[in-house]
Amino acid sequence: MPTDLGLLEDAYQLRTYKKLPLQVVRGEGVWVYTSDGQRYLDLYGGHAVVSTGHCHPRVVDAIQRQAAQMIFYSNIVYSEVRGRAAAALARAAPPELRKIFFVNSGSEANENAIKLARKVTGKLRVISFEGGFHGRTIGSLSATGIKKYRDQYSPLVPGHEFVPFGDLEALRRCVALTGPEGSDTAAILLEPIQSMAGVRTAGADFFRGIRKLCDEIGAMLIYDEIQTGFGRTGTFFFAGRHEVMPDMVTLAKGMASGLPMGAVLVTDKIAEQVKFDDLGSTFGGGPLVSAALEATVQVIEEEGLLENVIRQSDYLKTALGGLVSVEEVRGEGFLLGIKFKSEAARYQQALLQAMILTGLSGDPRVLRLLPPLSLGRAEIDRFLDVLARVN
Ligand SMILES: Cc1ncc(COP(=O)(O)O)c(C=O)c1O
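Values in this document were obtained by computation on a predicted structure and should not be read as measured data.

**Observations regarding helix 3 (residues 57-69)**
Right, so step 1: Between its first and last C-alpha, helix 3 extends 18 Å over 13 residues, near the 18 Å set by a 1.5 Å rise per residue.
Right, so step 2: Among all positions of helix 3, only V59, A62 and Q66 are buried. Angular distribution of buried residues about the axis of helix 3 spans 65°; they occupy a single face of the element. For helix 3, exposure combined with an orientation more than 90 degrees from the buried face picks out P57, Q64, R65 and A68.
Right, so step 3: In this fold, the buried residues of helix 3 make contact with helix 4 (80-92) and helix 11 (287-302).

**What about a nonpolar patch on the surface?**
Right, so step 1: On the surface, M70, Y73, I76 and V77 cluster together to form a nonpolar patch covering roughly 390 Å² of accessible area.
Right, so step 2: For Y73, the location among the structural elements is in the loop between helix 3 and helix 4.
Right, so step 3: Relative accessible area serves as the criterion here: at 42%, Y73 is assigned to the partly exposed category.

**Concerning empty space enclosed by the protein**
Right, so step 1: Overall, the coordinates contain 1 cavity of 30 Å³ or more when judged by the stated rule.
Right, so step 2: For the largest cavity, the full set of lining residues is A48, S51, I226, Q227, G229, F230, R232, A252, K253, G254 and L373.

**Description of the sheet that holds strand 1 (residues 24-28)**
By way of backbone hydrogen bonds, the strands of a sheet pair with one another, either parallel or antiparallel.
Right, so step 1: Taken in spatial order, the 4 strands of this open sheet run 1-2-3-13, and their pairing is mixed. Unpaired on one side and paired on the other, strand 1 and strand 13 (356-357) mark the two borders of the sheet.
Right, so step 2: The sheet contact formed by strand 2 (residues 31-34) and strand 3 (residues 39-42) spans 3 bridges and is antiparallel. The residue of strand 3 that forms the bridge with Y33 is R39.

**Things to note about the site of the ligand**
Right, so step 1: Close to the ligand lie 13 residues; G106, S107, D224, Q227 and K253 are nearest.
Right, so step 2: Residue F133 places a main-chain N or O atom 3.2 Å away from a nitrogen atom belonging to the ligand.
Right, so step 3: Taking K253, its side chain carries an N or O atom lying 2.9 Å from an oxygen atom of the ligand.
Right, so step 4: About the coverage of the ligand: the protein hides 81% of its 390 Å² of free accessible area.
Right, so step 5: A per-element tally of the shell around the ligand places helix 5 (residues 106-121) first, with 3 residues.
Right, so step 6: Classifying every residue of the shell around the ligand by side-chain character gives 2 nonpolar, 8 polar and 3 charged.

Cut-offs applied
- Residues numbered from 1 in each chain as written.
- Predicted model: local features only at pLDDT ≥ 70, side-chain atom pairs only at ≥ 80, totals over all residues.
- Heavy atoms only, no water.
- Helix = DSSP H or I, 4+ residues; strand = E, 2+ residues; numbered from the N terminus.
- Expected span 1.5 Å × (residues − 1).
- Buried < 20%, exposed > 50% of the residue type's maximum accessible area, 1.4 Å probe, protein only.
- Arc of directions from axis to C-beta.
- Contact = heavy atoms within 4.5 Å.
- Patch = residues over 30% accessible without salt bridge, like charges linked within 9 Å, V, L, I, M, F, W, Y side chains within 5 Å.
- Areas by Shrake-Rupley, 256 points an atom, 1.4 Å probe, with all protein chains shown as cover.
- Salt bridge = Lys/Arg side-chain N within 4 Å of Asp/Glu carboxyl O.
- 1 Å grid on protein atoms, 1.4 Å probe; cavity = no way out; pocket = protein on both sides within 12 Å on 5 of 7 lines; lining within 4 Å.
- Points joined across faces, edges and corners; volume = space filled by probe spheres on them.
- Pairing = 2+ DSSP bridges.
- Near = heavy atom within 4 Å.
- Polar contact = N/O pair within 3.5 Å; in protein donor to acceptor, adjacent residues only side chain to side chain.
- Nonpolar A, V, L, I, M, F, W, Y, C, P; charged D, E, K, R; others polar.

See below:
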């Protein structure tokens, strides 16, 4: 490892990130290469971002061609590539959610979804869930159910309530507190699989119950699919699972294979109520990120990445279930949480020694795998082999 590792970063950047002792210089598929010439298997996917793998040639080509043609112009003009990207995203989206507002990040997507919910319902309150993570901006943080992130920045945006994830009764009680027939609830916002909380999800009844409740009280159901979206759970979106369709879906992370992009998908009914100047974002849907989005959708479709996620995840989950160190395997597709019988950090360290990158979570015993959707059997076997030898 170079002795000057991170010297400049540490000199000039705020030290807000706990970093691995690596300097990555190049990526290819499921591999990253470090400045000291080592190759690491990336099961962390740059934090669930590198959907099509590092530097997929088609994505690189689309970005390079677009960069040479036009890097940026704002939404004040039409852009052919933005139109094509929107059409590609709409094609991948559930038919009910084909109107799009482009932004730059997950937090910004959630900010805008909350604004839209307040606007179209005329109500104030947003209910979300303990353990849910929705971002770091003041609005998205106000909906984040993790106290340690929220507390130091209070007072936050008023009107946010939290209930335990998976608890329909608590949700009903909370709604009741917002006035007769839940009259002040604008939205119920959730991560369908709570990633940061240790990859926790709930049963079909929970999702169906929330949908029913939202219909009864006229509130918007918002899925934060910033991690579950774009193929990570083996379908393009979680929306539609258990026959439940939300009114809005927020996206970011993998949608442009690593360029910063986010989006809110909404129903036609919501779209009809949005007028000129209601929302805005300078960089949202810029030409360069749009080219990456279009290519990302094409690669996922044409290379059968969704089928790959399902097939390889089934194999991985079954194999993990057979390891004595593993208490439980959580999640779906390539959003997996391995709950060990002891601290996960020890396993992360051992894997790092064996040149495999993984992630921790808010649950000290859960290790997260968020690999590129193209991860294959040989690499999975390599990972399993190392893991089986950690004791
Ligand atoms: C589920 C979820 N929502 C929102 C966000 C915030 O996204 P961003 O960091 O792009 O603002 C994240 C980021 O990790 C996330 O995992």
